[in-house]
Structures are given as structure tokens and as C-alpha cells.
Amino acid sequence: MEYKVKDLSLAEWGRKEIELAEKEMPGLMAIRAEWKGKQPLQGIRITGSLHMTIQTAVLIETLTDLGAQVRWCSCNIFSTQDHAAAAVVVGRTGTPDRPNGVPVFAWKGETLEEYWWCTERALDFSGPEYRKAEDGGASVTHRGPHQIVDDGGDATLMVHLGYTYDQAGAVPEPKPEDPADLRELLKCLARIRRETPGRWVKTVSEIRGVTEETTTGVHRLYRMEKEGTLLFTAINVNDSVTKSKFDNIYGCRHSLIDGLNRATDVMIGGKTAVVCGYGEVGKGCAQALRGQGARVIVTEIDPICALQAAMEGYEVKTLEDVVEFADIFITATGNYNVITVEHMNRMKDGAIVGNIGHFDNEIDMAGLEKVPGIRKTNIKPQYDKWTFPDGHSILILAEGRLLNLGCATGHPSFVMSTSFSNQTLAQIELAQHLDKYEKKVYILPKHLDEMVARLHLEHLGVKLTKLRPDQADYIGVPVEGPYKPAHYRY
């Protein structure tokens, strides 16, 4: 079996944690129990590009239990939990000497070159038994995935760019001014085109669709749909209520503080903390920081979100207003260059800067590295001190990438069970009912959202009140739901 992880000897530790996580992931366990005998994903090849954590391991093994053939990579160079990756490769019944699980290509601390190599390997189901040279080796038949589980859209991006360049007949040369991430992707695509010309056209012809996990990837999908460049069906998992209101608010409320504490070990109470963005992620972050006793200031571009923050008792200022005296800065916007080099140059000595929103460019790390005379001192993995020529320093978590995954272990199992239940149901929907969909972006229907919530209630000791038929008729909903219209915002 092809794979690349840090160390298969970590598998026993990983398996112990997977078994504990399963107890905290009742949604996925219920889906396994209901669907396992039906094998709704039988014969479906699924590529996953999503943080390779213990919780993701439970998702992967749920997909395989339902019949899928799976290959996986992480969507972040720092987010892999190496014992989780090892356990998935070894499998439930294998050993480090004889792994029989799922091919995984992920380890904590990948370079960008390695990251795109891992993504490419996760998208390749060809294997030696499927390869067949034709025309004297000029072309190779190729097997890609039928479906993609994506987080941030990188696997989808690789397929779309690869297809575009196959159609154009060449991959453009990387430019010095391109972001490092894009430069490495272009190099990877150029290598693939040399080795297997036409690969991505073949891949796209077989892809049924993608289920996208997070806000940034969803933005990309909607943009491609608007531009007419979306090559296959997409299901927006992020905007299922049981994802965005749970993973994004409650997950970040938990894991932001976990990442800050593990990296910095500073007292949060009494500090002034700035949360850039008051969307779902920002709301959870602001709650967590205030719960620790910090004075929380919010920055916002959206008047509705700004009004919400004010009504919750937060100050709403611009970053320029507070940059010189705040102690902690957290970006949660989904945008780029939110905290610039100019901002960091004005921060007080010892200010802590981290991102929990979007990739690695909410904080202008590329610009920071180019400051003449600046010095970077590593304190410990994913925690660096950057000292400016004037002598003041700032402390940056996870090199500007997601600090809750780079410095801690991400969201806890229970909240990821809601997200990954949505992912599993979306994958089943693509496998079973693709004829209902076009090359557009869709959201799972409300009754599935409510079903995901129901699957988690017993675990919390929740007992629902039942509508009487006359009450249901009075408000115009079915007794069994759904209870809210699609536009309801919760």
C-alpha cells in the first residue's frame, strides 16, 4: 500500500485515541449503524484533503465502512496529528509491518513542495495495477477520484488548474511575485504534465462532485460557479447550520484558547484582545477570550456583524485604533492581509498575533519576512518571536496558519461529529442522487440538517418536546419537521 506518514509505530497510540473519539462522535456512529449494511458508497473512490486529525480518522473509517475506497492528505502543513495518520494507514486489524488501512499522505511540518506532492498523491488512485502505457509510453491511463472531501478547496483547485492547463497545452511559469503556495503548486502541476500529460482531463471526466468543509473553499466554489468554470457539482457543507453554528462558533470557542495556552502559556485574563471579524468564527473567539477575562475589541467591515458585536457588549473599533496597545490579535475574517507589516511594526513589544480564519495570509507573513533587518527566533514548534530593527518583538503562532491546529489539536470530537456527519451525508447524496444536481453549488436540505442535530441529542441527555398535530397545523410545519424555512438564520 502506498502512503507517506511520519512514523507507523505511532499507530497504537492513535488507535487508542480514535476509539475514545468514537464515543464522542455519536452522529458518525449512528450513520455507520444505519448505512453500513446498505454500502451507499460502494465502488466510489473518495479523495480527502482535510486536516489529518483523530476526528478526521473517524470520518475516514466511516466512509470506508460505507463502502468507499479512500485516499487522504491534510489541507494544512501543520495540522496533521502524526499518530492519527499512522493509525489510519495501519488500520483496525493491521500492524506497522503489515498496514492494511487507508493510504494517507500527511505529516506535521510539511514543506509547501511536500504539501502539493501529498495532495497530488491523494488524488491518484491509479496504482501500479492500473497503470498502462500506450503509444510507447506517450500517455498513461489514469484513475482519479469520483468524489472529493475538501477543506479550503486546495484539492478542487489542483484539479481545476490542472484541467485548465491540460486544455491550454502548458503550465505557466511561476513568477517571483506569486505567493509561495502558488509557485509550488505550479511546479507540481508542471511535473505532473510532463509525467502524465492529459491526466486532469481524464480525472475531471470521472469526478461526480466535491463536498466543501469551510468558508474559504465555499467562496472559491461560488466564484467558479458565477464565472462558469466549475467543473462538477459541489455541496456546501460549511453552511449547514449544524456545521457553521457548531464547528465555527463552538469549536473555535474551545480550540482558540487551547492553542493560545499551549503555545504561549500567558495569562489571558486582564489582557486586551482584538478579534478581527465577527462572523461565526469571530463570535466563538470573542466568547472564549471574554470568558478568560480579557477585554475584547472587535473589528468588522459588515454593519450587521458590527451591530451584533456591540449588542453583545464588545467594543467595535478599527485595527488602526487599537494596534499600539492591544496584547493579543486574532484574525478570523476569511480575507487576506488583514494584519499588515505596518500594523505589526506598530504593535507593542511582546504582542501575540495568531490566525484562526483563513490559510496563511490573513497575517502578511510574506511581507514580514522581507522587512530589512528583521530577526526570527523560534521559541518552540509553531511559536516564533519576530524582532524588528528598532528592538521590539511580536510573537506569531503557527507562522500565520490556523493556530488551533498548528499549536493545539483543533476542535474537539463532539463538535466535529456534527461537521463530519454533514460531510458523510453529502458524500452519500453525491453517490446516490447525482442526477438531481447540476454543475452548481448546493446546500444540504433542512431535514438532513435537523437529522444531524437529532443524532447528537441523546449523548447530551436532551429530550425533545413533540408537536401535536394541531400545533403543527397551526404554524404550518410537518409534525416530524423540518421546523424552520430555508432562510431562517438561527
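Each chain carries its own residue numbering, running from 1 in the written order of its sequence. With pLDDT at 70 or above as the cut-off, local features in this predicted model cover only qualifying residues; side-chain atom pairs require 80 or more to be listed or tallied, and sums for whole chains, interfaces and linings still use all residues. Only hydrogens and water are set aside when side-chain values are computed; all heavy atoms of the structure are taken into account.

Q: Pulling in residues and values, what's your account of the overall build of the chain?
A: A run of H or I in DSSP counts as a helix once it spans at least four residues, and a run of E counts as a strand once it spans at least two, with each numbered from the N terminus. Within the chain, the secondary structure is distributed over 20 helices and 17 strands. Taking contacts inside the chain between residues at least 6 apart in sequence as the whole, the part at least 24 apart equals 72%. Residue contacts are counted whenever heavy atoms from the two residues lie within 4.5 Å of one another.

Q: Hey, could you go over the environment of Asp-384 for me, with residue numbers and the actual values?
A: Of note, Asp-384 is situated in strand E15 (residues 383-387). Between the alpha carbons of Asp-384 and Val-218 there is a distance of 31 Å; along the sequence they are 166 residues apart. With sequence-adjacent residues up to four places away left out, Asp-384 is seen in contact with Lys-376, Thr-377, Asn-378, Ile-379, Ile-394, Leu-395, Ile-396 and Glu-399.

Q: Requested: an account of the packing of helix H2 (residues 26-35) against helix H3 (residues 54-65), with residues and values cited.
A: Axis definition: a line fit to C-alpha positions, over the contact stretch in the case of helices; interaxial angles, taken between N-to-C directions, run 0 to 180 degrees. Where H2 meets H3, the axes come as close as 10 Å, and the angle between the chain directions of the two elements is 10°. Between H2 and H3, the angle is such that the two are roughly parallel. Of the residues in H3, those in contact with Leu-28, Met-29 and Arg-32 of H2 are Val-58, Leu-59, Glu-61, Thr-62 and Asp-65. Note on residue classes: Ala, Val, Leu, Ile, Met, Phe, Trp, Tyr, Cys and Pro are nonpolar, Asp, Glu, Lys and Arg are charged, and everything else, Gly too, is polar. Of the residues contributing to the contact of H2 with H3, the split by class is four nonpolar, one polar and three charged. In these notes the angle categories are as follows: under 35 degrees is roughly parallel, over 145 is roughly antiparallel, 65 to 115 is roughly perpendicular, and the rest is oblique.

Q: I'd love a proper account of unusual backbone geometry, names of residues and values included.
A: Note the cis peptide between Gly-481 and Pro-482, where omega equals 5°. As for its placement among the helices and strands, Pro-482 is situated in the segment after helix H20 (469-475). Residue Glu-399 is not a glycine yet carries a positive backbone phi of 55°. As for its position among the elements, Glu-399 is in the loop between strand E16 (393-397) and helix H17 (403-406).

Q: How would you summarise the sheet that holds strand E14 (residues 375-380) if you had to cite specific residues and measurements?
A: Within a sheet, each strand pairs with its neighbour through backbone hydrogen bonds, oriented either parallel or antiparallel. In short, DSSP must find at least two bridges between two strands for them to pair. Taken together, the eight strands give an open sheet; going across it, the order is E11-E10-E9-E12-E13-E16-E15-E14, and neighbouring strands pair in mixed fashion. Edge strands, defined here as strands with exactly one partner in the open sheet, are strand E11 (315-316) and E14. Pairing between strand E13 (residues 351-355) and E16: three bridges, direction parallel. Residue pairing across strands places Ala-351 opposite Ile-394, the latter belonging to E16.

Q: Could you give me a rundown of the environment of Ala-106, with the residues and numbers involved?
A: The topology assignment puts Ala-106 in the loop between strand E3 (104-105) and helix H5 (112-122). In this structure Ala-106 comes out as buried when scored by relative accessible area, which is 0%. Distance from Ala-106 to Thr-264, taken between C-alpha atoms, is 26 Å for residues 158 residues apart in sequence. Beyond its immediate sequence surroundings of up to four residues, Ala-106 is in contact with Lys-4, Val-5, Lys-6, Met-52, Ser-74, Thr-80, Asp-82, Ala-85 and Cys-118. Burial classification: accessible surface area is computed with a 1.4 Å probe over protein chains only, and a residue below 20% of its type maximum counts as buried, one above 50% as exposed, and the rest as partly exposed.

Q: Which residues make up a nonpolar patch on the surface, and what values do they have?
A: For patch detection, residues must exceed 30% relative accessible area and be free of salt bridges, and they are connected within 9 Å for like charges or within 5 Å for nonpolar side chains (Val, Leu, Ile, Met, Phe, Trp, Tyr). For every accessible area listed, the method is Shrake-Rupley and the probe measures 1.4 Å; residues are considered covered only by the protein chains on display. Here, a salt bridge means any Lys or Arg side-chain nitrogen found within 4 Å of an Asp or Glu carboxyl oxygen. Judged by side-chain polarity, Leu-460, Val-462 and Leu-464 come together as a nonpolar surface patch covering roughly 270 Å² of accessible area. Structurally, Leu-464 can be placed in the loop between helix H19 (446-457) and H20. For Leu-464, a relative accessible area of 47% puts it in the partly exposed group.

Q: Lay out the pairing of strand E9 (residues 272-276) in plain terms, naming residues and giving numbers.
A: Burial within E9 is extensive, with five of its five residues counted as buried. Judged from the five bridges that link them, E9 and strand E10 (residues 295-299) form a sheet pairing that is parallel. Paired with Thr-272 across the strands is Arg-295, a residue of E10. Here a crossover is taken to be right-handed if, once the strands point away from the viewer, the path from the first strand over the helix to the second is traced clockwise. Once the chain exits E9 it traverses helix H12 (residues 280-291) before rejoining the sheet at E10, and the crossover so formed is right-handed.

Q: How would you sum up the state of the cysteines? Please name residues and give values.
A: By convention in this document, the label disulfide applies to cysteine sulfur atom pairs within 2.5 Å. Taken as a whole, this structure holds zero disulfides when the rule is applied. Cys-75 takes part in no disulfide bond, and the closest cysteine sulfur, belonging to Cys-73, lies 7.9 Å away. Given a relative accessible area of 6%, Cys-75 falls into the buried group. Cys-73 supplies the cysteine sulfur nearest to Cys-118, a cysteine that is in no disulfide, at a spacing of 6.8 Å. Judged by its relative accessible area of 1%, Cys-118 falls in the buried class.

Q: Let's hear about the nonpolar core: which residues, and what values?
A: Buried Ala, Val, Leu, Ile, Met, Phe, Trp, Tyr and Cys residues form a nonpolar core when they are joined through side-chain atoms within 4.5 Å. Core analysis: the biggest nonpolar cluster contains 47 residues, and Leu-41, Ile-46, Met-52, Leu-63, Val-70, Trp-72 and Val-104 have the highest contact counts within it. For this core, the secondary structure elements donating two or more residues are helix H1 (11-23), H2, H3, strand E2 (69-73), helix H4 (82-90), helix H18 (413-433) and H19. In terms of residue count, the dominant contributor to this core is H18 (eight residues). Once residues within four sequence positions are removed from consideration, Val-104 is found in contact with Tyr-3, Lys-4, Val-5, Met-52, Trp-72, Ala-85, Val-88 and Val-89.

Q: For the pattern of salt bridges, give the residues involved together with the corresponding values.
A: Taken as a whole and assessed by the stated rule, the structure comprises 28 salt bridges. Of the charged contacts, one joins Arg-32 and Glu-22 as a salt bridge, the two residues approaching to 3.3 Å between their closest N and O atoms. Residue Arg-32 is found in helix H2, and its partner Glu-22 is found in helix H1; the two are separated by ten residues along the sequence. Across the pair, exposure class does not vary: Arg-32 and Glu-22 are buried alike. Among the charged side chains, a salt-bridge network with shared partners connects Glu-2, Arg-71, Glu-120, Arg-121, Asp-124, Arg-191, Glu-195 and Arg-199.

Q: Lay out the pairing of strand E6 (residues 147-150) in plain terms, naming residues and giving numbers.
A: Within a regular strand, the side chains alternate between the two sheet faces. Side chains of E6 alternate between two faces, with Gln-147 and Val-149 and Ile-148 and Asp-150 buried alike. Here strand E1 (residues 45-49) pairs with E6 via four bridges, running parallel. Note on E6: the bridge partner recorded for Thr-47 is Ile-148. Inspection of the sheet shows E6 paired to strand E7 (residues 209-212) by four bridges, in the parallel sense. Each residue of the ladder has a partner; that of Ile-148, found in E7, is Val-210.

Q: An account of the sheet that holds E3 is requested, with residue identities and associated values reported.
A: Within the open sheet, the seven strands sit side by side as E3-E2-E1-E6-E7-E8-E17. Their pairing is parallel. Since the sheet does not close on itself, it has two edges, and those belong to E3 and strand E17 (441-442), each with one partner. Bridging between strand E8 (residues 233-236) and E17 involves two bridges; their strand directions are parallel. Bridging from a neighbouring strand, Ile-235 pairs with Tyr-442 of E17. Helix-sheet contacts for helix H7 (residues 154-168) involve E1, E6 and E7, and the interaxial angle to E6 is about 130°.

Q: Could you give me a rundown of the side chain of Ser-255, with the residues and numbers involved?
A: Mapped onto the elements, Ser-255 comes out in helix H11 (residues 241-264). Judged by its relative accessible area of 0%, Ser-255 is buried. Beyond its immediate stretch of four places on either side in the chain, Ser-255 contacts Ile-356, Asn-404, Gly-410 and His-411.

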